[in-house]
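Inside the fold
Next come the chains, spelled out residue by residue.
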Amino acid sequence: MTNAVPVAPTFGEAAPIEASPETLAFLARRRSASALTLTAPGPSNAELATLLRLATRVPDHGKLAPWRFVILRGAGKRRFVEGLEAIAATRPDGERLKAKLGKIKAPPLTIAVVSRATPGEIPEWEQRLSAGAVCMTLAIAAQAMGYGANWITDWYAYDEDAGRLLGLGEGERVAGFVHLGTSAETPLERVRPDVAALVSEWKG
Ligand SMILES: Cc1cc2nc3c(=O)[nH]c(=O)nc-3n(C[C@H](O)[C@H](O)[C@H](O)COP(=O)(O)O)c2cc1C
């Protein structure tokens, strides 16, 4: 699969606001795939580079780039999963934790989006939100390339030992494991919220 994506504008170049009915149609029906159904082929190296380029075009107060990526694939991913299995084995509910690793084992490519926060003027909350925007943009871009995508966390996003295994530094947190691959099953629509029940108009 090849996916040609235009180059980014150069700094200061005009970036006109243009309607994109195709994007609207895509968003109206976009659906995550289950990680368990993701299989090879996953994005190529060139597509991965494009995905990361697109995913980092997100709002980022203070231009701190409060995120980084850890790519998990191939032999490295297998060793990471073995490490998670070893961690699970030390826990009282180890079998349950091990059973949950299917979602990281199946997809050919996983991008761990690591949220980091720089102390200073920009609230940490905003830096964390920017990492969420990166995860969502990654999922959208991968799906727009025709791949299945699933943004999840799971126990190993919160486990201290798993964080050490991933290489998290001080103050770093996993915003998500974004699993990518070819979706072996067509996802079915899930329950969606009643939007009207979530909206109010402030009238003072
Ligand atoms: C931060 C975050 C963490 C998530 N973690 C999990 C998880 O650990 N396990 C899971 O089954 N779904 C998890 N989900 C939900 C999945 O993304 C789920 O597939 C999603 O609700 C699909 O919705 P969509 O089709 O609208 O993209 C998580 C979602 C978010 C935003």
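Let me sum up the structure you'll find in this document.

With respect to the nonpolar core
Counting 21 residues, the largest nonpolar core has L51, I111, V113, L138 and L180 as its most contacted members. Every element with two or more residues in this core is listed here: α2 (45–55), β3 (109–115), α6 (124–144) and β5 (173–183). If you tally residues by element for this core, the top one is α6, at seven residues. Contact partners of V113, with chain neighbours within four places excluded, come to R68, F69, A131, V134, C135, L138, R173, V174, A175, G176 and V178. Grouped together as the second largest cluster of nonpolar side chains are 19 residues, V70, L72, A88 and L166 included.

Overview of the side chain of D154
Relative to the assigned elements, D154 resides in the loop between β4 (148–152) and α7 (160–166). Its relative accessible area of 16% is what places D154 among the buried residues. Leave out the neighbours within four places in its chain, and D154 touches K100 and K103.

Observations regarding the packing of aromatic side chains
Evaluation of the coordinates by the stated rule reveals two aromatic pairs. Taking the centre distance of 5.5 Å and the plane angle of 85° together, the rings of W155 and Y156 count as edge-to-face. Both residues of the pair, W155 and Y156, count as buried. Judged by centre distance (5.1 Å) and plane angle (55°), the ring pair of Y156 and F177 falls under tilted.

Quick notes on the side chain of R30
Tracing the backbone shows R30 in the loop between α1 (21–29) and β1 (38–39). Buried and unpaired, R30 has no salt bridge, with E189 as the nearest side chain of opposite charge at 8.1 Å.

So, the packing of α2 against α6
Axes are the key here: two packed helices are described by the angle between their axes and the distance separating the axes. Look at α2 against α6: their axes get within 8 Å of each other, and the N-to-C directions meet at 135°. Relative to α6, α2 is oriented oblique. Between α2 and α6 the crossing geometry is right-handed. Across from L51, L52, L54 and A55 in α2, the residues of α6 making contact are V134, T137, L138, A141 and A142. Across the contact of α2 with α6, the residue classes tally to eight nonpolar, one polar and no charged.

A closer look at the pattern of salt bridges
The tally for this structure, following the rule as stated, stands at nine salt bridges. For D161, the salt bridge goes to R164, with nearest N and O atoms at 2.6 Å. A residue pair is termed a helical-turn pair when its members lie 3 or 4 positions apart in one helix, as D161 and R164 do in helix α7 at three residues. When its relative accessible area of 31% is taken as the criterion, D161 is described as partly exposed. Taken together, the salt bridges that share partners define one network made up of R91, D159, D161 and R164.

Reading the values: rules and limits
- Residues numbered from 1 in each chain as written.
- Predicted model: local features only at pLDDT ≥ 70, side-chain atom pairs only at ≥ 80, totals over all residues.
- Heavy atoms only, no water.
- Core = buried A, V, L, I, M, F, W, Y, C linked by side-chain atoms within 4.5 Å.
- Buried < 20%, exposed > 50% of the residue type's maximum accessible area, 1.4 Å probe, protein only.
- Helix = DSSP H or I, 4+ residues; strand = E, 2+ residues; numbered from the N terminus.
- Contact = heavy atoms within 4.5 Å.
- Phe/Tyr/Trp six-rings, centres within 6.5 Å; stacked < 30°, edge-to-face > 60°.
- Lys, Arg positive; Asp, Glu negative; His and termini not counted.
- Salt bridge = Lys/Arg side-chain N within 4 Å of Asp/Glu carboxyl O.
- Axes fitted to C-alpha atoms, helices over the stretch in contact; angles between N-to-C directions.
- Parallel < 35°, antiparallel > 145°, perpendicular 65-115°, else oblique.
- Left-handed = near helix turned anticlockwise from the far one by under 90°.
- Nonpolar A, V, L, I, M, F, W, Y, C, P; charged D, E, K, R; others polar.

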